[in-house]
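# Examining the three-dimensional arrangement
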Amino acid sequence: MAQTRSIGANLLATPTVLRGSAVVATGAGITPPATFDTTKLQNTLRVPIEITELIITVLERSSTEAVVKTNENAGAAIEVDLRIGGKHLTNGFVPFQVLAPWNAGEDGAWAFAGVLTSTATFNQRRIVLPEPLRLRPGVGFSGAARRAPLSIVTSPSNVESTVTVTAIGRVVPDGILGPTAQALPLWTAATLLATSTNVVPKTDERDLFNPLQAPLDVARIIVASSEVSPLAQYATGLTGAGGRADYDPLLKLRWPNGDLLGADPLRLQSVFIREHTIAHKFQLPGGSRVTAAFDFTNAIGAYGSYLQIAIFGTRREVL
Amino acid sequence: MAGFPFVMQSALFAASTNVDAIYVPEERVFRNTTPHWLKIMRIGLQRNGAANPKRTVTLDNPGTSSPRPQWAIRFGHTEVTNGFVPFAATTWRPNVDEPAAFVEFAQPVYLAPNDRLDVKFKYLATLDANLDSGILAALVVPVDRPDAIRVPALFGWEGTSRGGNSGLFSEDVPVGTLYNEFEEVMHVERIIGRLGLLGGDPSAGAGNVERAYPAAAQILVDLALQDGAKITRDPTPLAALFDLARQSWLTNFVLPSKGYIQANVSGNLTDSAQAPKTYYPYLGMLGYRTIG
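A quick note: this is a predicted structure, and the numbers were derived from the prediction, not measured.

What counts and how
- Residues numbered from 1 in each chain as written.
- Chains lettered and ligands numbered in written order.
- Predicted model: local features only at pLDDT ≥ 70, side-chain atom pairs only at ≥ 80, totals over all residues.
- Heavy atoms only, no water.
- Helix = DSSP H or I, 4+ residues; strand = E, 2+ residues; numbered from the N terminus.
- Buried < 20%, exposed > 50% of the residue type's maximum accessible area, 1.4 Å probe, protein only.
- Contact = heavy atoms within 4.5 Å.
- Areas by Shrake-Rupley, 256 points an atom, 1.4 Å probe, with all protein chains shown as cover.
- Pairing = 2+ DSSP bridges.
- Salt bridge = Lys/Arg side-chain N within 4 Å of Asp/Glu carboxyl O.
- Core = buried A, V, L, I, M, F, W, Y, C linked by side-chain atoms within 4.5 Å.
- Polar contact = N/O pair within 3.5 Å; in protein donor to acceptor, adjacent residues only side chain to side chain.
- pLDDT = per-residue confidence, 0-100.
- Phe/Tyr/Trp six-rings, centres within 6.5 Å; stacked < 30°, edge-to-face > 60°.
- Lys NZ or Arg CZ within 6 Å of the ring centre and 35° of its normal.

## A few points about the overall build of chain B
In terms of helices and strands, chain B carries three helices and 19 strands. Buried positions account for 58% of the 292 residues belonging to chain B. Relative to all contacts within chain B whose residues are 6 or more apart in sequence, the contacts with residues 24 or more apart total 81%. As displayed, chain B offers around 11200 Å² of accessible surface, 52% of which is attributable to carbon and sulfur atoms.

## Looking at the overall build of chain A
Scanning chain A from N- to C-terminus turns up two helices and 16 strands. Looking at chain A as a whole, 56% of its 319 residues are labelled buried. Taking the intrachain contacts of chain A between residues at least 6 apart in sequence as the baseline, contacts between residues at least 24 apart amount to 83%. Carbon together with sulfur atoms contributes 52% to the accessible area of chain A, which is approximately 12600 Å² in total.

## A few points about the pairing of strand S5 (residues 69–75) of chain B
Consecutive side chains along a regular strand alternate between the two faces of the sheet. Residues and elements named next belong to chain B. S5 sits mainly inside the fold: six of its seven residues count as buried. Of the strand pairs in this sheet, S5 and strand S9 (residues 117–123) are connected by seven bridges, and their pairing is antiparallel. Each bridged residue has a counterpart across the sheet, and for Phe75 the counterpart in S9 is Leu117. Where S5 lies against strand S6 (residues 78–79), two bridges are found, and the strand directions are antiparallel. Looking at the pairing, Arg74 lines up with Glu79 of S6.

## Digging into the environment of Ala263(B)
All names here are of chain B. Residue placement: Ala263 occurs in strand S18 (residues 261–269). Owing to a relative accessible area of 5%, Ala263 belongs among the buried residues under this scheme. Taking the C-alpha atoms as reference points, Ala263 and Thr177, 86 residues apart in sequence, are found 9.8 Å from one another. Residues in contact with Ala263, not counting those within four places in the same chain, are Glu171, Asp172, Val173, Asp222, Leu223 and Leu283.

## Brief notes about the environment of Leu212(A)
All names here are of chain A. Following the sequence through the fold, Leu212 ends up in the loop between strand S10 (181–194) and strand S11 (216–228). Overall, the relative accessible area of 17% leaves Leu212 in the buried class. Counting along the chain gives 26 residues from Leu212 to Leu186, while the straight-line C-alpha distance between them is 9.8 Å. Each residue touching Leu212, except ones within four places of it in the same chain, is listed here: Leu186, Gly286, Gly287, Arg315 and Glu317.

## Concerning the pairing of strand S19 (residues 278–291) of chain B
Residue and element names in this part refer to chain B. Of all 14 residues in S19, 11 are buried, a share of seventy percent or more. Sheet topology places strand S12 (residues 162–163) next to S19; two bridges connect them, and they run antiparallel. Counterpart to Gly163 in the pairing with S19 is Thr278.

## Re the pattern of salt bridges
Residues and elements named next belong to chain B. For the structure shown, the criterion picks out 21 salt bridges over all chains. Across the salt bridge formed by Asp118 and Lys120, the nearest N and O atoms sit 3.5 Å from each other. Residue classification places Asp118 among the buried positions, given a relative accessible area of 6%. Ionic contacts of the salt-bridge type, sharing partners, join the residues Arg74, Arg116, Asp118 and Lys120 into one network.

## Digging into the nonpolar core
One finds Phe36(A), Ile51(A), Ile127(A), Leu135(A), Phe141(A), Val163(A) and Trp187(A) to be the most contacted residues of the largest nonpolar core, which totals 42 residues. Element by element, the count of residues in this core is highest for strand S3 (residues 49–61) of chain A, at five residues. Leu251(A), Phe294(A), Phe296(A) and Ala137(B) belong to the second largest nonpolar core, which has 33 residues in total.

## Focus: the sheet that holds strand S16 (residues 236–237) of chain B
Residues and elements named next belong to chain B. The sheet built from four strands is open, its strands ordered S13-S18-S15-S16 with antiparallel pairing. Because the sheet does not close on itself, it has two edges, and the strands there are strand S13 (167–172) and S16. Sheet analysis places strand S15 (residues 219–225) next to S18, joined by seven bridges and oriented antiparallel. Note on S18: the bridge partner recorded for Asp222 is Asn264.

## Let's talk about the side chain of Glu171(B)
All names here are of chain B. One can find Glu171 in strand S13. Take Glu171: its relative accessible area is 14%, and that puts it in the buried class. Within the local environment of Glu171, its side chain forms a polar contact with the side chain of Thr160, the two groups lying 2.9 Å apart. Once residues lying within four places of it in the same chain are set aside, the contact partners of Glu171 are Trp157, Gly159, Thr160, Arg162, Ala263, Asn264 and Val265.

## Notes on the confidence of the model for chain A
All names here are of chain A. The predicted model of chain A has a mean per-residue pLDDT of 81, with 80% of residues at 70 or higher. Counting contacts from residues 1–5, a segment whose pLDDT is below 50, to residues more than four positions away or on other chains yields 10 contacts. Low pLDDT (under 50) marks residues 239–244, which in the prediction has 20 contacts with non-local residues, meaning those over four places away or in another chain.

## Some points on the side chain of Asn264(B)
Residues and elements named next belong to chain B. Its place among the elements puts Asn264 in strand S18. Within polar-contact distance, the side chain of Asn264 engages the side chain of Asp172 at 2.8 Å. Discounting residues that sit within four places of it in the chain, Asn264 has contacts with Ser170, Glu171, Asp172, Leu220, Val221 and Asp222.

## So, the packing of aromatic side chains
According to the stated counting rule, one finds 11 aromatic pairs over all chains in the structure shown. Aromatic side chains Tyr23(B) and Tyr123(B) sit 5.9 Å apart centroid to centroid with 70° between the ring planes, which places their arrangement in the edge-to-face category. A residue pair is termed long-range when its members are at least 10 positions apart, and Tyr23(B) in strand S2 (residues 22–23) and Tyr123(B) in strand S9 qualify at 100 residues. Ring centres 5.1 Å apart and planes at 85° place the aromatic pair Phe121(B) and Tyr123(B) in the edge-to-face group. The exposure class assigned to Tyr123(B) is buried, which follows from its relative accessible area of 5%. Among the aromatic residues, ring-to-ring pairing joins Tyr23(B), Trp71(B), Phe87(B), Phe121(B) and Tyr123(B) into one connected group. Over the aromatic face of Phe93(A) sits the side chain of Arg146(A), whose NZ or CZ is 4.2 Å from the ring centroid. The ring of Phe182(B) has Arg289(B) sitting right over it, with the charged end atom 3.5 Å from the ring centre.

## Side note on the environment of Leu168(B)
All names here are of chain B. Looking at the element boundaries, Leu168 is found in strand S13. You can call Leu168 exposed: its relative accessible area is 73%. Note: C-alpha distance between Leu168 and Ala239 (71 residues apart in sequence) is 18 Å. Excluding anything up to four places from it in sequence, Leu168 contacts Gly267 and Asn268.

In structure tokens:
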């Protein structure tokens, strides 16, 4: 059989799925990281596999009836740290909500109320990888999840969060050459919290930072923003009145070369629309960072406002 | 060269009782002040609640009438719209639940250095005093100078309003509306169709230009090209022709120079329960022509 460098449309390839979970316990504040079972996220076959997409799901569950808040975004306080073969896919912990664009209707039936029972709710993000990731035998994903509610949230979480990573792909047929360097994804993110109309929170040196020496080929910028109550339970969200997906604060964002995203502070929804995403290819130089500031423009009672931003791209490395 | 994205955003177009007044963003807002060519990815109208910073459904009006906004767009000196055209006829929702009305150019559209995107905006009817404000925004990216310029063409039509129980009607779209007046052929990439629901009980959706579902089955649309070639075989319910979520469909055909789309909207509105409501049919098309 002729050797080729890719699985073309005319070749059959057996699908394969890797799935591993981590359980984040109940409790207050930032929880200790719960690690994924790496044996379940590892290529245990004797042949290479290619991963084409990742699905991250968060199941929030309580042992007590009616504790689960269906008016909060499940997973909004969950952060994920992912690696592959020891190489970082995230720059530290990255908020779950900004791992991927929000699907159509996600802030309706699914986002905050995938209510399975009165004791469980559910959310999901689907990440389509720019290029398939090839895993040699024995190579796999690893990482951890944690709950990191914003500092304004004083209520302890009464729910247990099960975070599941599912890697979906295919077995590589015989005769397909492997790539040398691959496009490894990388997320770098920031979370900003405003609790007063007099404060305009800004990112710091660790935020939206490309920690690599090589440039990052950026594919997407993803945001999430909402009001947040000190009484939010398992998720960073809003109890009572208010909205989530439609929240529209002002944003200033500056690129590493000093250029601004807009000449004036921009309405978030003008820029990112309902998918919460700008999809456009550009490069983030190694060691550079994007700075952001946001003005939520209006305080409502004791609520605060948050903004999560992630830059998602790839870099070429040998895995 | 793929540079960093940039967003041009206007100030708020506040709710107003000044019907037909033309609102124009500041001159610098949509001007390319960079030394690079800029590619326009999309232009849209968003609505923002000034008192409560949340976005609302763009073409809605919680009262009994819609402001029925219209816009006129030029790139540099080249007209994109043939004068003022209805927003409802020239925009669609990119996602099922996306409330913004905007135009996204699948074909690259370019602004030369120092060129302007000239956008004017007006309301045809008064707004409720507590209504949110509109914001125009364009997402652009710097690119290398293009070899050929594709100029978009965005045409739209607003039909006569009719009551929910007004009976039989038939109305032709004027020939000069969905009409390629240029010497170049026009590649049509999208046809837009929408039914505005205005008047009546707000709790039943009145004022919502986006969700007139019941009447969408009673109103029929018949489309053909200038030479009589049928696009629809016979008059077809609007709800069967246009995705009610996205209110448009993608096409891939060419209108010759001086070619046009013939359109007729007809129906029999007989729902007495809907009698207080009024319906506006909208038809539009997005295409481009290549110059240079």
